[in-house]
Every structure is written in C-alpha cells, then in structure tokens.
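Residue-level listing of the chains:
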Amino acid sequence: MEAEHPPPAAGQLVVVGGGIAGVTCAEQLAIHFPSEDILLITASPVIKAVTNFKQVSKVLEEFDVEEQPSTLLENRFPNIKVIESGVKQLKSEEHCVLTEDGNQHLYKKLCLCAGAKPKLICEGNPYVLGIRDTDSAQEFQKQLTKAKRIMIIGNGGIALELVYEIEGCEVIWVIKDKAIGNTFFDAGAAEFLTSKLIAEKSEAKIAQKRTRYTTEGRKKEAQTKGSAGNIGSALGPDWHEGLNLKGTKEFSHKIHIETMCEVKKIYLQEEFRISKKKSLTFPRDHHNQSVTADKEIWPVYVELTNGKIYGCDFIVSATGVTPNTGPFLCGNNFDVGEDGGLKVNDHMHTSLPDIYAAGDICTASWEPSPVWQQMRLWTQARQMGWYAAKCMAAASVGESVDMDFSFELFAHVTKFFNFKVVLLGKYNAQGLGSDHELILRCTKGQEYVKAVLQNGRMMGAVLIGETDLEETFENLILNQMNLSAYGEDLLDPNIDIEDYFD
Ligand SMILES: Cc1cc2nc3c(=O)[nH]c(=O)nc-3n(C[C@H](O)[C@H](O)[C@H](O)COP(=O)(O)OP(=O)(O)OC[C@H]3O[C@@H](n4cnc5c(N)ncnc54)[C@H](O)[C@@H]3O)c2cc1C
Ligand SMILES: NC(=O)C1=CN([C@@H]2O[C@H](COP(=O)(O)OP(=O)(O)OC[C@H]3O[C@@H](n4cnc5c(N)ncnc54)[C@H](OP(=O)(O)O)[C@@H]3O)[C@@H](O)[C@H]2O)C=CC1
C-alpha cells in the first residue's frame, strides 16, 4: 500500500457514486472542507441520502434512506457539486477521471464508491433477473404480475425477503445448503424462521422496518429526467414496501424449497421441447409428477443438480454481488481482493496514490478486530463512506487518524419474516473453528437467542424477536468479560441479565 503522505496533487476532492457510501463521503468532505468544492460524480439520476440517523447504542445504528434528486444534496451542502454522468475511465497516473458527457475532472484525492452488481447465475438470459436498484426491482414486479410460478436461486438476504413477501405465485426456492438463510443464520435459527414461513402469513400488513427506505425523490425526478440505461444505486431496507409483489394466482403463499442443489442447466421453451423429443428421461417434481407430464407450457425450464426439472415463468438470481470495478477502472493496477473488490487498508486507501474506496466496491484488507467482518450492507457503506472522508481530510493536512469505532464490532439490525433480527460480532462463530460454545434460548414463534462464547468470552450473538438484549450483549462482546461463572444462566429468562452487567 502507498505511503500515507504523498506530495499534494492539483485538482479537486472527487467522489464517484451516488449511493450511501458516496453521498456520506461527499457530505463529510463538504463539512471538513467548507471552502472547497467537492465533486460527486454519479451515473444514476438520483442519490441516496441517510436521514433520521440515530446511534441506538455504541455500535448499533438506525436510519432511514431516501432516494432524492441531486439538487437536494446541493441545496443542503452548497459546496457539493453533483455531476450526473457515469465515469467511463479512470486515469490514475494523470489523477483524472473521464465522464460519459465528454468532460474530464482532475482530482487531488478520489474516493471510489461505485457499489456492486448482482452476480447472476447466467448472464444475458432474459429469463434470469437480478435485483439491485429501483429499475430492476420494478422490472421484477412487472414480470411477477404475469407469473404463476417463479424460481428463486440463492439463500441470502434477497431470497429471504422475497420468499416471505411474494403472494399469488408459486415459488420454487433453490438453495445450496441444508437450511434457509445461510448468510445470516445457522440451522437452529433457520428452523425457527422456517416454521414462521410455513405458518399462515398474518393478514395484518407487515409493520414498518426499523430502517426505512423511500423513493419519493426518485418519483419526482423520474418524471422530469427519466433514467433509462443508468446504473442505479443498491436498494436496501424495505425496498419491497410499496411494490405490489403479487402474481396471478389467488392463494397467499406456496413455497417449495429444494435444498442442497444448484442450477445445472436452463432450457428455453423450444430447447426443452427438442430435448423432450430426444426422449430424455426427466425425473419427478415435488408433486411426484413427471415434469414431462406437466400440462403447463413454461417459458423456461431449469434442471437442478439433484436431477429435478421445473418449468417456470422466470428465475430470480439472488446469488450475491460482485464489486463494480470495471470497465471504467481498466488499465489501473489496483490490488484486488479474492471477492473482486478494491483492497483498502485501515485508512480506506486503495493500492494507488490518492485513491480511496468505500462501500460495496471495496474489500477491507486490514487486520480486523476479532469480532468484526465485512458484509456488503447499508450500514457498512455509510460507516466506510464517513470514515473514508475523515481519512482523506486527515491525509490532506498530514495528520493521522485512528480506526473508527464502528469497525470494532460487527452489528446489523434488520427484519426477516417480520421478526426483528440483530446480528452481533461472530454471530455464526465465523472463523472460530470448533473452539467455541453456543448458548441458546428459543420460544417458538416468539424469539430465538443465541450467544457464541469462546474461552468464556462472548464473541457473537443472534437475537431474533423483541429480545431487548442487544445493548447488554453488545457491551459483553466489547468488554470481553469472563462469563464462565454464569453458564446457562446467561440466557435464563427469569434472570434480568441487564442488572448483572449494565
Ligand atoms: C434488494 C436489496 C436489498 C438490500 N437490503 C439491505 C438491508 O435490508 N440492509 C442492509 O444493510 N443492506 C441491504 N442491501 C445492501 C445495501 O443496499 C448495499 O450494501 C449498499 O447500498 C451499498 O452502497 P454503496 O454506496 O456502496 O453502493 P450503491 O448503492 O450500489 O451505489 C453505487 C453508486 O455508484 C454509481 N456508479 C456505478 N458505476 C458508476 C460509474 N462508472 N460512474 C459513476 N457512478 C457510478 C451508481 O449509480 C450508484 O449511485 C440490500 C441490497 C439489495 C440489492
Ligand atoms: N436485510 C438485509 O440485511 C439484506 C441484505 N441484503 C444484501 O444485499 C446484497 C445482495 O443480496 P443477495 O443477492 O441475497 O446476496 P447474499 O450474499 O446475501 O446471498 C447470496 C446467496 O446466494 C448463494 N449463491 C451464490 N452463488 C450461487 C450459485 N451459483 N447457486 C446457488 N446459490 C448461490 C450464496 O451461497 P454461499 O454463501 O454458500 O455462496 C448465498 O446464499 C448482499 O450484500 C446482502 O447482504 C439483501 C437483502 C436484505
């Protein structure tokens, strides 16, 4: 990685990307440098702004996110100038970025916050959809209104949200694992949630998530500018609120889960017909019916690695993201992580001079705290954008800065299947090997509490439901108090552990 204080270069402070990371970074730079112009270059017609930010405990935070026209950001920060044009090329040796509108912008320091793209199981197939931004979510909704059966591939955040929200359309959910939600849960928590999924979905409409997401600004903006062809920023909490996720059928939920398998081959209707003619023998589907006996003619057929074949209207590939590092970064010799992200050090600095990166585009490459890990989430995009600005400001005046406290402990609050979910530290004992113990408390349909301990110290926790334990557990993980003496009492519902530890 580059030395901390290179000779100052000419040009402006430039941020690329109008998502949470880029906007937060630009806002903080505008505060640190009130007399300088900050340039925010973004490919999307709207920006993402964090509103109603609340620090609920040492590391847990809540905020709403609004899609807003960029003029609102410029009004709030008169020294931010937004350029609505994609960067087509970075010339790092010349300290300059070229934009689609034909202009070039010199930078003295640059922060890349261009997010990530869905990692699809099959690129270029019109029946395979990814969900990332408002446009792709709307396209998905449009297709769903005509659908009788869809297939969802993947076992992470998007899949978990979709299977719960979709109504009036049969869902075949294909996962590589034995249990649902592998990116967030172990088998115990998955079982707790599966029973909720199977149970009749409550008629009461889902309560508002803690973190809210609104697109009012975008609606107004879209009327005036349109947004065709632009890369939008990622959705986030409550993205499906206000989208009517209903298929053509009258039933509420019909979900079939195919575990421990992947997609082997996708056939378009015509290809499938030809294959059938060649009298390929197809196995049975979940109704124990030969798929060749399925009277329905589907636009697309999917063969799974367990041998089953399903016809469906379309496929949602909810199979993770790839950092958005090209082609606008081609020709620059960045150090890149295994996941394809731009490697950043503990000052959010990439391997190239004067270039920082934050949010989904980057790969945290510092020695992390034992209870923090990177996940491409909204909160981390905000924290990284904020901290990158602080580091850029400090480097500009030759000062050093300590790692921000938010990277001390991984903390994520969200909602799955209408349950509040709090994940802390090594919530799935990630990287702890077999050298750990789990303490569990579960009341079916109400709460699931799991504490991960190593050598008597709490290393992580999963809290599902209204447990009210997050602050106490956060403290216990941060202060690494020896809890050996408490044993199972730690989760005894009759003992108010707050009295012990707060
Ligand atoms: C459906 C969905 C649901 C989600 N739900 C949650 C959730 O509940 N909780 C949570 O914490 N996280 C959630 N996430 C993840 C979260 O949205 C992302 O981690 C976060 O928004 C990433 O922010 P970012 O600023 O790094 O990137 P992005 O939001 O992707 O922003 C990237 C920006 O860069 C711009 N850009 C791209 N290329 C260029 C270019 N060449 N030139 C100029 N500009 C460019 C784009 O236009 C965009 O403005 C969800 C994601 C999705 C897709
Ligand atoms: N409430 C929240 O916090 C939400 C957060 N998000 C975030 O948005 C981003 C995108 O979400 P999402 O796409 O769900 O990504 P995630 O990373 O959450 O999940 C991807 C899932 O797809 C699986 N997978 C990967 N490749 C394949 C494949 N070829 N075939 C089958 N399965 C595969 C992964 O399994 P494996 O892990 O074994 O590779 C994993 O289960 C993520 O950063 C996510 O954290 C999204 C929605 C809600």
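To start, this report covers the structure provided alongside it. Given the structure is predicted, the values throughout are model-derived calculations rather than measurements.

1. Regarding the side chain of S317
Thinking step 1. Along the chain, S317 turns up in strand β18 (residues 314-317).
Thinking step 2. Taking relative accessible area as the criterion, S317 reaches 3% and is therefore assigned buried.
Thinking step 3. Polar side-chain contacts of S317 include one of 3.0 Å to the backbone nitrogen of I121.
Thinking step 4. A distance of 2.6 Å separates polar atoms of two side chains, one belonging to S317 and the other to T319.
Thinking step 5. Other than its neighbours up to four places away in sequence, S317 contacts K119, L120, I121, V128, L129, G130 and I153.

2. What about the pattern of salt bridges?
Thinking step 1. All told, the structure shown has 16 salt bridges when counted by the stated rule.
Thinking step 2. With a closest N to O distance of 3.1 Å, K308 and E258 form a salt bridge. Here E258 lies in strand β14 (residues 255-258) and K308 lies in the loop between β16 (300-304) and β17 (309-312), a separation of 50 residues in the sequence.
Thinking step 3. By relative accessible area, E258 is classed as buried at 4%.
Thinking step 4. Across the pair D339 and R376 runs a salt bridge, and its minimum N-O distance is 3.0 Å.

3. Some words on the sheet that holds strand β12 (residues 170-174)
Thinking step 1. With parallel pairing, five strands are arranged side by side in an open sheet as β10-β18-β11-β12-β14. Across the chains shown, the open sheet's two edge strands, defined by having one partner strand only, are β10 (128-129) and β14.
Thinking step 2. Of the strand pairs in this sheet, β12 and β14 are connected by four bridges, and their pairing is parallel. Each residue of the ladder has a partner; that of I172, found in β14, is H256.
Thinking step 3. This element, helix α4 (residues 157-165), spans β11 (149-153), β12, β14 and β18 of the sheet and lies at about 155° to β12.

4. Observations regarding the packing of aromatic side chains
Thinking step 1. Per the stated rule, a full pass over the model turns up 13 aromatic pairs.
Thinking step 2. With a centroid separation of 5.8 Å and 80° between ring planes, the pair formed by F185 and F416 is classed as edge-to-face. Of this pair, F185 sits in the loop between β12 and α5 (187-198) while F416 is found in strand β23 (residues 411-416), placing the two residues 231 residues apart along the sequence. F416 shares its class with F185; the two are buried.
Thinking step 3. A ring pair is formed by W372 and F407, whose centres lie 5.4 Å apart and whose planes are at 80°; its orientation type is edge-to-face. Pair noted here: W372 is in the loop between β22 (362-364) and α8 (378-396) and F407 is in the loop between α8 and β23, with a separation of 35 residues, a long-range link.
Thinking step 4. Three or more aromatic residues joined by ring pairs form one cluster here, namely W366, W372, Y387 and F407.
Thinking step 5. The ring centre of W298 lies 6.0 Å from the NZ or CZ of K148, which sits over that ring.

5. What about the site of ligand 2?
Thinking step 1. If you check the shell around ligand 2, you find 22 residues, and the closest are I158, N182, R376, H412 and T414.
Thinking step 2. A distance of 2.9 Å separates an oxygen atom of ligand 2 from a polar atom in the backbone of I158.
Thinking step 3. Note that a nitrogen atom of ligand 2 is positioned 2.7 Å from one of the side-chain N or O atoms of T414.
Thinking step 4. The fraction of the free accessible surface of ligand 2 (900 Å²) that becomes covered by protein chains is 77%.
Thinking step 5. When contributions to the shell around ligand 2 are tallied by element, the ones reaching two or more residues are α4 and β23.
Thinking step 6. Looking at the shell around ligand 2 residue by residue, the class counts come to eight nonpolar, ten polar and four charged.

6. Regarding α8
Thinking step 1. Here α8 spans 27 Å end to end across 19 residues, near enough to the 27 Å set by a 1.5 Å rise per residue.
Thinking step 2. Most of α8 sits out of view: 16 of its 19 residues are buried.
Thinking step 3. Residue G398 follows α8 closely and has a positive phi angle near 70°.

7. Considerations on helix α9 (residues 470-479)
Thinking step 1. Taking burial as the measure, the ten residues of α9 include seven buried ones, the bulk of the element.
Thinking step 2. Looking at α9, one finds that the buried residues are E470, T472, F473, E474, N475, L476 and I477.
Thinking step 3. Note on α9: the residue one or two positions beyond its end, Q480, has a positive phi of about 50°.

8. Some remarks on the pairing of strand β24 (residues 419-425)
Thinking step 1. The buried fraction of β24 amounts to seven of the seven residues, a majority that puts the element mostly inside the structure.
Thinking step 2. Where β23 and β24 come together, six bridges link them in antiparallel fashion. Each residue of the ladder has a partner; that of H412, found in β24, is L423.
Thinking step 3. Connecting the antiparallel pair β23 and β24 is a turn made up of two residues, with F417 showing a positive phi of about 50°.
Thinking step 4. Across five bridges, the pairing between β24 and strand β27 (residues 457-464) is antiparallel. Of the residues in β27, the one forming a bridge with L423 is V462.

9. Describing the sheet that holds strand β26 (residues 447-454)
Consider a sheet: its strands pair through backbone hydrogen bonds, and that pairing is either parallel or antiparallel.
Thinking step 1. If you trace the five strands from one edge of the open sheet to the other, you get β23-β24-β27-β26-β25, paired in antiparallel fashion. Looking along the sheet, the strands with just one partner apiece sit at the ends: β23 and β25 (437-443). Sheet twist, expressed as the mean angle between neighbouring strand axes with direction ignored, is 15°.
Thinking step 2. The sheet contacts of α5 involve β23, β24, β25, β26 and β27, and relative to β26 the element is tilted by about 175°.
Thinking step 3. Its contacts with the sheet place α9 against β24, β26 and β27, and it is angled at close to 160° to β27.

10. A few points about the packing of helix α1 (residues 20-32) against α8
Thinking step 1. It is the contact of α1 with α8, at a shortest axis distance of 7 Å, that shows an interaxial angle of 30°. Judged by the angle between their axes, α1 and α8 are roughly parallel. Note on packing geometry: the crossing formed by α1 with α8 is right-handed. Residues I20, A21, T24, C25, Q28, L29 and H32 of α1 form the contact with α8, whose participating residues are W378, A381, R382, G385, W386, A389, K390, M392 and A393.
Thinking step 2. Residues belonging to the contact of α1 with α8 are distributed by class as follows: ten nonpolar, four polar and two charged.

The rules behind each value
Residues numbered from 1 in each chain as written. Chains lettered and ligands numbered in written order. Predicted model: local features only at pLDDT ≥ 70, side-chain atom pairs only at ≥ 80, totals over all residues. Heavy atoms only, no water. Helix = DSSP H or I, 4+ residues; strand = E, 2+ residues; numbered from the N terminus. Buried < 20%, exposed > 50% of the residue type's maximum accessible area, 1.4 Å probe, protein only. Polar contact = N/O pair within 3.5 Å; in protein donor to acceptor, adjacent residues only side chain to side chain. Contact = heavy atoms within 4.5 Å. Salt bridge = Lys/Arg side-chain N within 4 Å of Asp/Glu carboxyl O. Pairing = 2+ DSSP bridges. Axes fitted to C-alpha atoms, helices over the stretch in contact; angles between N-to-C directions. Phe/Tyr/Trp six-rings, centres within 6.5 Å; stacked < 30°, edge-to-face > 60°. Lys NZ or Arg CZ within 6 Å of the ring centre and 35° of its normal. Near = heavy atom within 4 Å. Areas by Shrake-Rupley, 256 points an atom, 1.4 Å probe, with all protein chains shown as cover. Nonpolar A, V, L, I, M, F, W, Y, C, P; charged D, E, K, R; others polar. Expected span 1.5 Å × (residues − 1). Parallel < 35°, antiparallel > 145°, perpendicular 65-115°, else oblique. Left-handed = near helix turned anticlockwise from the far one by under 90°.

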